[in-house]
Amino acid sequence: ADFLSGIIHWIADTWFSDTMPILGQRLLKPFRVHHVNPDDFLRRNVLDTNGDVAAIVIPFLIAVFWISTTNPWSAALAVYMVSFCATGLPTNQVHQWAHMKNPPIIIRWLQSSRLILSRRAHLQHHKAPHIDNYCIALGWCNPLLTAIEFFPRLERIVTELTGLQPRNDDQKYYAALEAGSING
């Protein structure tokens with residue numbers, strides 16, 4: 001779930017246009033605004049923060065009830081799906097807490113224990129050139145992926161195959177932030 005959160009975060013920060021139908025306005029634009037204005041994420045309520053992930057995860061949790069647990073393989077699949085969903089469901093909440101200067105005390109303890117993504121670890125993602133620390137479910141995958149330059153290498157492959165340039169519209173969002181049309 002942590003790795004998948006990184007892949008989704010990387011795609012939303014890096015590729016395509018916010019003018020795409022459905023995904024553009026609902027997924028890409030909030031990520032791009034957040035990328036240039038990290039504190040924007042702190043303005044979101046619980047439903048806005050967690051609703052999209054819940055809408056994706058809940059059907060998978062419901063599907064677990066149809067998995068037979070009479071043999072070890074299907075039981076393992078059910079446990080895996082529940083664990084994956086339990087880790088994935090609070091991804092955006094963990095991400096929001098990583099932006100809070102003073103999160104609740106239990107969250108600070110979880111962050112300092114490295115059980116969930118910490119503010120210090122995540123703020124590295126918001127420093128130019130914005131090429132690492134994309135995993136936001138827990139943050140556990142970030143050190144390894146950064147060490148092997150996973151996302152920069154993946155960007156080079158995508159660019160070679162498609163000609164697309166990573167974060168091609170970042171300047172548009174920085175200009176909007178400067179002009180005051182995005183809250184700063």
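Basis of the calculations
- Residues numbered from 1 in each chain as written.
- Predicted model: local features only at pLDDT ≥ 70, side-chain atom pairs only at ≥ 80, totals over all residues.
- Heavy atoms only, no water.
- Helix = DSSP H or I, 4+ residues; strand = E, 2+ residues; numbered from the N terminus.
- Rg over C-alpha atoms; globule rule 2.2 N^0.38 Å.
- Buried < 20%, exposed > 50% of the residue type's maximum accessible area, 1.4 Å probe, protein only.
- Contact = heavy atoms within 4.5 Å.
- Lys, Arg positive; Asp, Glu negative; His and termini not counted.
- Charge placed at Lys NZ, Arg CZ, Asp CG, Glu CD.
- Salt bridge = Lys/Arg side-chain N within 4 Å of Asp/Glu carboxyl O.
- Patch = residues over 30% accessible without salt bridge, like charges linked within 9 Å, V, L, I, M, F, W, Y side chains within 5 Å.
- Areas by Shrake-Rupley, 256 points an atom, 1.4 Å probe, with all protein chains shown as cover.
- Disulfide = S-S within 2.5 Å.
- Expected span 1.5 Å × (residues − 1).

So, the overall build of the protein chain
Counting its secondary structure elements, the protein chain contains 10 helices and 0 strands. Along its sequence from the N terminus, the protein chain presents helices and strands in the succession α-α-α-α-α-α-α-α-α-α. For a compact globule of 184 residues, the expected C-alpha radius of gyration is about 16 Å, and the protein chain comes in at 18 Å, within 12% of that figure. Taking the principal axes of its C-alpha atoms as reference, the protein chain extends roughly 60 × 45 × 35 Å. Expressed as a percentage of its 184 residues, the buried residues of the protein chain come to 39%. Contacts in the protein chain between residues at least 24 apart in sequence constitute 57% of all its contacts with a sequence separation of at least 6. For the protein chain, the distance from the average position of its 15 positive side-chain charges to the average position of its 14 negative side-chain charges is 6 Å.

Quick notes on the pattern of salt bridges
On inspection of all chains with the given rule, the structure shows 2 salt bridges. A salt bridge links Arg44 to Asp40, with the nearest nitrogen and oxygen atoms 3.2 Å apart. Two residues, Arg167 and Glu155, come together in a salt bridge whose shortest N-O distance is 2.8 Å. With Arg167 in the loop between α9 (150-162) and α10 (170-179) and Glu155 in helix α9, this residue pair connects regions lying 12 residues apart in the sequence. Note on Arg167: relative accessible area 13%, which makes it buried.

Here we look at a nonpolar patch on the surface
On the surface, Ile105, Ile106, Trp109, Leu115 and Trp140 cluster together to form a nonpolar patch covering roughly 580 Å² of accessible area. Inspection of the secondary structure assignment puts Trp140 in the loop between α7 (119-123) and α8 (142-147).

Thoughts on the state of the cysteines
One pass over the full model with this rule turns up 0 disulfides. Between Cys135, a cysteine without a disulfide, and Cys141, which holds the nearest cysteine sulfur, the sulfur-to-sulfur distance is 4.8 Å.

Some details on helix α2 (residues 23-36)
Taking 1.5 Å as the rise per residue, α2 with 14 residues should run 20 Å; its terminal C-alpha atoms sit 19 Å apart, in good agreement. Restricting attention to buried positions, one finds in α2 the residues Gly24, Leu28, Phe31, Arg32, Val33, His34, His35 and Val36. In this structure, the buried side of α2 is in contact with α1 (2-14), α5 (91-99), α7 and α10.

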